[in-house]
Amino acid sequence: MTTIDMQTKILARTLYEIRVLLANYLGSTAEGDPAVRYAAHLAYALHNQALELLDNKSFNVNEAINQITVVDKMFSERLNETLRKLT
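As the structure is a prediction and not an experimental result, all values here were calculated from the model. (Residues numbered from 1 in each chain as written. Predicted model: local features only at pLDDT ≥ 70, side-chain atom pairs only at ≥ 80, totals over all residues. Heavy atoms only, no water.)

Novice: It is not clear to me how the overall build of the protein should be interpreted in this structure. Could you clarify?
Specialist: In terms of regular secondary structure, the protein is built from four helices and zero strands. Start at the N end of the protein and walk to the C end: the helices and strands fall as α-α-α-α. By its C-alpha atoms, the protein is 40 × 30 × 15 Å across when sized along the principal axes. Counting over 87 residues, the protein shows a buried share of 28%. Within the protein, contacts between residues at least 6 apart in sequence are counted, and of these 45% link residues at least 24 apart. For the protein, the accessible surface area stands at approximately 6,100 Å², while carbon and sulfur atoms represent 55% of it. The distance from the centre of the 9 positive side-chain charges to the centre of the 10 negative ones in the protein is 3 Å. (Helix = DSSP H or I, 4+ residues; strand = E, 2+ residues; numbered from the N terminus. Buried < 20%, exposed > 50% of the residue type's maximum accessible area, 1.4 Å probe, protein only. Contact = heavy atoms within 4.5 Å. Areas by Shrake-Rupley, 256 points an atom, 1.4 Å probe, with all protein chains shown as cover. Lys, Arg positive; Asp, Glu negative; His and termini not counted. Charge placed at Lys NZ, Arg CZ, Asp CG, Glu CD.)

Novice: Where do I start with the packing of aromatic side chains in this structure?
Specialist: Both the distance between ring centres and the angle between the ring planes are used here to describe each pair of aromatic rings. Applying the stated criterion to the full structure yields one aromatic pair. Where Tyr38 meets Phe75, the ring centres are 5.5 Å apart and the plane angle is 55°; that geometry is what we call tilted. You can see Tyr38 sitting in helix H2 (residues 34-54) and its partner Phe75 sitting in helix H3 (residues 61-75), a full 37 residues away along the chain. (Phe/Tyr/Trp six-rings, centres within 6.5 Å; stacked < 30°, edge-to-face > 60°.)

Novice: Just checking my understanding: could you explain the confidence of the model for the protein for this structure?
Specialist: In regions of low pLDDT, the predicted coordinates are not meant to be interpreted in detail. For the protein, per-residue confidence averages 96 on the pLDDT scale, and residues scoring 70 or more make up 100% of the total. Across the protein, the element-wise mean pLDDT spans from 95 in helix H4 (residues 79-86) up to 97 in H3. (pLDDT = per-residue confidence, 0-100.)

Novice: For this particular structure, what's the right way to read the nonpolar core?
Specialist: Side chains of a nonpolar character, in soluble globular proteins, are inclined to be buried together. Ranked by size, the top nonpolar core spans eight residues in total: Tyr38, Leu42, Ala45, Leu46, Ala64, Ile68, Val71 and Phe75. Contributions of two or more residues to this core are made by H2 and H3. Ignoring anything within four residues of it in the chain, the contact list for Ala64 reads Leu46, Gln49 and Phe59. (Core = buried A, V, L, I, M, F, W, Y, C linked by side-chain atoms within 4.5 Å.)

Novice: I'm lost on the side chain of Gln49 in this one. Help?
Specialist: By secondary structure assignment, the location of Gln49 is in helix H2. A polar contact of 2.6 Å, which involves the side chain of Gln49, links it to the side chain of Gln67. In this structure Gln49 touches Phe59, Ala64 and Gln67, once residues within four positions along its chain are discounted. (Polar contact = N/O pair within 3.5 Å; in protein donor to acceptor, adjacent residues only side chain to side chain.)

What follows is the structure, given as structure tokens:
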């Protein structure tokens, strides 16, 4: 396994664990700090992509950014704009 592969798997597994830890902050009626709720929704939006990477598969980058766009709209954020500049 290359260093890049190991780095990718570490980040993917960590994102998935964050998604699990923040599950109680998901949903429009969830209470909590808005930043924590935003983080929970971002992790949830990308957890399937993280699982794909852990299985040595790829995912559609534009689809992932579109999922982040949905979360950004919920929280009046703009992460998707930063990510689109990377593509």
